[in-house]
Amino acid sequence: LAPYGVNQISPINRLKPPSAKHWFGTDNLGRDVFSRCLYGAQLSVIIGFCTATLATMISVLLGIMTGYLGGKFDLIVQRFVDAWMSFPELIILIVVVSVLGPGMPQIIFTLSLALGIAGSRIIRGTVVSVRENMYVHAAQSVGASTARILWKHILPNVLPPIIVLFTTRVGN
C-alpha cells in the first residue's frame, strides 16, 4: 500500500509539505512520511489482531466453562481471576519478557493471557444470565448434552459481548 520505499531517500524532496505526491509530506532526508507510517503501523496491527484473537479465545473458554458449570469450580477460577487482575498488565509484561526474552511472540502471549483472563469475567456474567433462560432449561429437561446446549443456546446469545470484547482489545 505504501507508494514509496520505507527508506527511499530523495534529497530534492526534503521537508516538503503534504501534497498529492506525498500525502503526509516528507522528512529531513526526503523520505515519504505516509509510507513510513504505513510500515510502522504494520507491526502494531499484527500484534493487535493476534493478541485480540488469542485473548478472546481465552476469555470465551474460561467464561463459558465457569459461567455454565458454576459451583466450586467457578468459585476457585474466579478467585484466581481476581488475583490475576490485581497485578498491572505492564508489570506482568515486563516480568515475562525478562524471563522469556524479548520478542513479538512473548508480547502477544503475555498480553493475550492478561487480557483473556480479565475478559473472562464479562463472558462469565453473560453466560450466567443466559443460563437461566427458559430455553436452556427446556434443552436440559429434554436431555440435550452440555456441548449442544453450549454450542446451540449459550454461545449464540453470548456472541454480541464477545464481538465487543474483541474489537476493543484490538485497539488496546
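The structure we're discussing is the one just above.
This section reports on the structure supplied with the text.

1. Comments concerning the overall build of the protein
- Check the secondary structure of the protein and you find six helices and zero strands.
- Of the regular secondary structure in the protein, the N- to C-terminal order runs α-α-α-α-α-α.
- The C-alpha atoms of the protein give a radius of gyration of 23 Å, which is well past the 16 Å a tight globule of 172 residues would have.
- Seen through its C-alpha atoms, the protein measures out along the principal axes to roughly 75 × 35 × 20 Å.
- When contacts within the protein are restricted to residue pairs at least 6 apart in sequence, long-range pairs at least 24 apart make up 62% of them.
- Looking at the protein, you have 13 positive and 6 negative side-chain charges, and the mean spots of the two groups are 5 Å apart.

2. Quick word on the packing of helix α2 (residues 71-85) against helix α4 (residues 104-131)
- Axis separation between α2 and α4 bottoms out at 10 Å; the angle between their running directions is 130°. Here α2 lies oblique to α4, going by the angle between them. Remark: the crossing between α2 and α4 carries left-handed chirality. Residues Asp-74, Gln-78, Arg-79, Phe-80, Val-81, Asp-82, Trp-84 and Met-85 of α2 form the contact with α4, whose participating residues are Leu-113, Ala-114, Ile-117, Ala-118, Ser-120, Arg-121 and Arg-124.
- Its residues assigned to classes, the contact of α2 with α4 comprises eight nonpolar, two polar and five charged.

3. Description of the nonpolar core
- Ranked by internal contacts, the top residues of the largest apolar core, which has 14 residues, are Ile-64, Ile-123, Val-127, Ile-149, Ile-154, Val-158 and Ile-162.
- Looking at this core, the elements that each hand over two or more residues are α1 (33-69), α4, α5 (134-142) and α6 (146-171).
- If you tally residues by element for this core, the top one is α6, at six residues.
- With sequence-adjacent residues up to four places away left out, Ile-149 is seen in contact with Tyr-68, Val-136, Ala-139, Gln-140, Ala-144 and Ile-154.
- Counting residues in hydrophobic clusters, the runner-up holds seven residues, among them Val-77, Val-81, Ile-92 and Ile-117.

4. Concerning unusual backbone geometry
- Here the phi dihedral of Leu-15 falls at roughly 50°; this positive angle occurs in a residue that is not glycine.
- Relative to the elements of secondary structure, Leu-15 occurs in the segment before α1.
- For Leu-15, a relative accessible area of 57% translates into the label exposed.

5. Focus: the packing of α1 against α4
- Running from amino to carboxyl end, α1 crosses α4 at an angle of 40°, the nearest separation of the two axes being 5 Å. Like other packed secondary-structure pairs, α1 and α4 cross with a definite hand, here right-handed.
- Grouping the amino acids of the contact of α1 with α4 by side-chain chemistry returns 21 nonpolar, nine polar and two charged.

6. Let's talk about the packing of aromatic side chains
- Following the criterion strictly, the structure yields four aromatic pairs and no others.
- Relative to Phe-166, the ring of Phe-49 has its centre 6.3 Å away and its plane inclined at 45°; by these criteria the two rings are tilted. With a gap of 117 residues between them, Phe-49 in helix α1 and Phe-166 in helix α6 connect regions that are remote in the sequence.
- Accessibility expressed as a relative area gives 42% for Phe-49, which makes it partly exposed.
- Site record: aromatic cluster; members linked through ring pairs are Trp-23, Phe-24 and Phe-34.

7. What to know about α1
- Given a rise of 1.5 Å per residue, 37 residues ought to cover 54 Å, and the 53 Å separating the end C-alpha atoms of α1 matches this to within 8%.
- At Gln-42, α1 is deflected by roughly 25°, the largest bend along its length.
- Positive phi shows up at Gly-70, right after α1, with a value of about 65°.

Definitions and limits used
- Residues numbered from 1 in each chain as written.
- Predicted model: local features only at pLDDT ≥ 70, side-chain atom pairs only at ≥ 80, totals over all residues.
- Heavy atoms only, no water.
- Helix = DSSP H or I, 4+ residues; strand = E, 2+ residues; numbered from the N terminus.
- Rg over C-alpha atoms; globule rule 2.2 N^0.38 Å.
- Contact = heavy atoms within 4.5 Å.
- Lys, Arg positive; Asp, Glu negative; His and termini not counted.
- Charge placed at Lys NZ, Arg CZ, Asp CG, Glu CD.
- Axes fitted to C-alpha atoms, helices over the stretch in contact; angles between N-to-C directions.
- Parallel < 35°, antiparallel > 145°, perpendicular 65-115°, else oblique.
- Left-handed = near helix turned anticlockwise from the far one by under 90°.
- Nonpolar A, V, L, I, M, F, W, Y, C, P; charged D, E, K, R; others polar.
- Core = buried A, V, L, I, M, F, W, Y, C linked by side-chain atoms within 4.5 Å.
- Buried < 20%, exposed > 50% of the residue type's maximum accessible area, 1.4 Å probe, protein only.
- Phe/Tyr/Trp six-rings, centres within 6.5 Å; stacked < 30°, edge-to-face > 60°.
- Expected span 1.5 Å × (residues − 1).
- Bend = angle between axes of the 7 residues up to and from the residue.

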